[in-house]
Amino acid sequence: MKIVVFTASIGERRGLYTPNTVNKSVEYLAFVDRRVNHKVWKTIRVDRDPDVAAVRQAKEIKVLANKFVEADASIWIDRHCRLMCDPIKAFDQFDEDVGVVRHYRRDIFKEGRACRERKKDAPELIHRTVDRFRLEGWRPGSGLFYGGFMMRRHSADVEKFNRLWWNYIESGSVRDQLSLPVAIERSGVSAHKFQNRRRGFFFRIRGK
């Protein structure tokens with residue numbers, strides 16, 4: 001099974017975070033818009049789209065994994081996170097198509113309030129996203145997952161999930177954690193939901 005770990009750093013100037021464990025059987029790809037040299041990450045140069053915010057351009061790479069990464073399975077890691085696990089051993093821990101880690105807030109509506117307070121996106125886009133899901137019957141406490149880390153097997157079901165997730169982001173907030181639980185549930189993809197206490201095994205957020 002070919003496994004690729006990938007990340008994106010677009011519109012930024014900070015360096016890439018070296019994984020804690022590097023498996024030579026795994027490919028590590030970083031999509032960047034500038035010259036970057038790294039001993040682990042193989043960099044793929046992308047052109048900045050002047051009509052699209054840098055964060056949205058990076059999110060497209062993240063969400064539409066099947067479009068940008070050729071692999072049997074992949075792990076996405078946000079640029080501000082450090083991968084802690086051996087990718088091969090990580091996939092050995094579950095059989096489902098998607099592996100995600102539960103977020104301690106456990107609720108997209110609480111997450112929406114936190115994003116507005118921290119100015120993570122335009123308030124009207126955050127409100128549009130969570131209000132849409134509320135009107136469609138999504139209930140408080142129905143789940144929340146970290147968007148900075150995701151394991152995917154590149155199946156047809158996962159490609160369907162990716163497209164649905166991206167559609168939510170294109171029409172709403174770039175804060176993908178707000179739409180991730182909804183996309184998982186409504187796409188019907190099989191997902192393994194690791195408890196929040198397992199987070200440190202898989203990844204760590206820079207500075208935390």
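In case you missed it, the structure is sitting above this.
Here we summarise the structure given alongside this text. (Residues numbered from 1 in each chain as written. Predicted model: local features only at pLDDT ≥ 70, side-chain atom pairs only at ≥ 80, totals over all residues. Heavy atoms only, no water.)

## Observations concerning helix α7 (residues 180-187)
Moving on, step 1. Within α7, six of the eight residues are buried, which leaves it mostly tucked inside the rest of the structure.
Moving on, step 2. All buried positions along α7 are accounted for by Leu 180, Pro 181, Val 182, Ala 183, Ile 184 and Ser 187.
Moving on, step 3. Gly 188 occupies a position one or two residues after α7 and carries a positive phi of about 80 degrees. (Buried < 20%, exposed > 50% of the residue type's maximum accessible area, 1.4 Å probe, protein only. Helix = DSSP H or I, 4+ residues; strand = E, 2+ residues; numbered from the N terminus.)

## Examining the pairing of strand β2 (residues 27-32)
Moving on, step 1. Of all six residues making up β2, five are buried, and the element is well covered by its neighbours.
Moving on, step 2. Of the strand pairs in this sheet, strand β1 (residues 3-9) and β2 are connected by six bridges, and their pairing is parallel. Along β2, the bridge assignment pairs Phe 6 with Leu 29.
Moving on, step 3. With four bridges joining them, β2 and strand β3 (residues 42-45) adopt parallel strand pairing. Bridging across to β3, Val 32 finds its partner in Arg 45. (Pairing = 2+ DSSP bridges.)

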